[in-house]
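# Analysis of the macromolecular model
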Amino acid sequence: MSKVTITPAELEKSAAKYRKELLIMSVIALQSTLQHMSLRTGIRYKETVGELSGSLEMGPYDETRKNNADVKIVGRELETFFGSVWESFSPNSVYQSIYGDSVVVGEGLKNVPIAKAVLAFMMKKLSQSLNKNIWSAVRNAAGTKTVDLFNGFDTITSTEITAGNIAVAKNNLFEFTEVIDSTNAVDLLKAFYRAASDELQGDGDESMKLKLFMPKSIYNAYVDDYQMTVGAVPYNKEFKKTFLEGSDDQCELVALPNKKGSEFLHLTPKKNMLVGVDQQSDLEKITVEKHSPFLLDFVAAMFFGTQFESISPERLLVGKLFTEPVGG
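So, here is what we can say about the structure in this document. (Residues numbered from 1 in each chain as written. Predicted model: local features only at pLDDT ≥ 70, side-chain atom pairs only at ≥ 80, totals over all residues. Heavy atoms only, no water.)

### Notes on the pattern of salt bridges
What counts here: Basic side-chain nitrogens of Lys or Arg form a salt bridge, by our definition, when they fall within 4 Å of a carboxyl oxygen of Asp or Glu. Secondary structure is summarised from DSSP: a helix means a run of H or I of at least four residues, a strand means a run of E of at least two, and numbering begins at the N terminus for each. Only protein chains enter the accessibility calculation, which uses a 1.4 Å probe. A residue is then buried if its area is under 20% of the maximum for its type, exposed if over 50%, and partly exposed in between.
Tallying each qualifying case throughout the model produces 8 salt bridges. Among the salt bridges present, the one from Glu 309 reaches Arg 40, with a minimum N-O distance of 2.9 Å. Here the residue Glu 309 occupies a position in the loop between β11 (296–308) and β12 (317–320), and Arg 40 occupies one in strand β1 (residues 38–40), the gap between them amounting to 269 residues. Owing to a relative accessible area of 11%, Glu 309 belongs among the buried residues under this scheme. The exposure class assigned to Arg 40 is partly exposed, which follows from its relative accessible area of 26%. Residue Glu 77 is joined to Lys 46 by a salt bridge in which the shortest nitrogen-to-oxygen separation is 3.7 Å. In this pair, Glu 77 sits in strand β3 (residues 72–79) while Lys 46 sits in strand β2 (residues 46–53), placing the two residues 31 residues apart along the sequence. Exposure remark for Glu 77: the relative accessible area of 41% places this residue in the partly exposed category.

### A look at the sheet that holds strand β5 (residues 173–175)
Applied cut-off: In this description, strands pair whenever DSSP reports at least two bridges between them. Every axis corresponds to a line fitted to the C-alpha atoms, with the helix fit spanning only the stretch in contact, and the corresponding angles, defined between N-to-C directions, vary from 0 to 180 degrees.
The strand order across the open sheet built from 5 strands is β5-β12-β8-β6-β7, with neighbouring strands paired in mixed fashion. Edge strands, defined here as strands with exactly one partner in the open sheet, are β5 and β7 (251–255). Mean inter-strand twist for the sheet, computed between neighbouring axes without regard to direction, equals 20°. Pairing of strand β8 (residues 264–269) with β12, which is carried by 4 bridges, proceeds in the antiparallel orientation.

### What to know about the pairing of strand β6 (residues 210–214)
Extensive coverage of β6 is indicated by the burial of 5 of its 5 residues. Neither face of β6 is exposed, since Leu 210, Leu 212 and Met 214 on one face and Lys 211 and Phe 213 on the opposite face are all buried. Relative to β7, β6 runs parallel, the two being bridged by 5 bridges. Pairing of Met 214 across the sheet is with Ala 255, part of β7. By the bridge criterion, 4 bridges tie β6 to β8 in an arrangement that is antiparallel.

Below you can see the structure in the form of structure tokens.
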């Protein structure tokens, strides 16, 4: 590989020129998870989201009747937290790392300005950290890592369970009484799905198709158990299973690496899983500065947060996984 010279001026110019595109790249690297969720842009700090509850009833025509239905919006707060990174790096070392790795969608490295490719690689690494912590992050204003920036979905779930807002009695919590393994996964996951409210299980509406978020270990147990249970039945055409057996293809199995170690399963439509970013204001920044003879400083600031649009049993069922007692 021939020597490539990347100047601070080139990087700073590219950071300004491609700022919006680079911010979008921070979301692209989340795509493996975000494809199963809903992205909300223009969210800075807090915004109220929620659902309409109650019912509207149409009775026989009566020009004097006025309905007094208890219709209200149950609000939830989607909070995005302002985060920053200040990292020293060697531009030529980064360039060597990205050689052959297309970090700019749809283009090979040879067609991309070198400075832009270096910055895109830095944003990709930044967003990979967001993706890794999207379930487990716990907001700690005094922290220094991505895990401290925002509250992930599992953290929000734990908070709502502690507050009694997600509970068995409210039909939005299911507590497993056995460890899920390759001998019982099919039956246990079907039982979990069937415990959901009829409204959550849906009526064939494409927008309400369900996602069953799970660790890969649970998914592996399911496909192993399914293979043993179904065997050579004609319709069992492939080992890979995308939808939960018995759900009439209404429940997609979503096994994510970032769910590893999670104590929860989440059954919910895509539209209920909100990921908030800004991407629109001038508060978000990407710059490159020189404060060292040999290294440059990558400086970025952006908003990020997660929330359930609703935790009602018509929109969400949480499965709390069973763990063997210590020493038991």
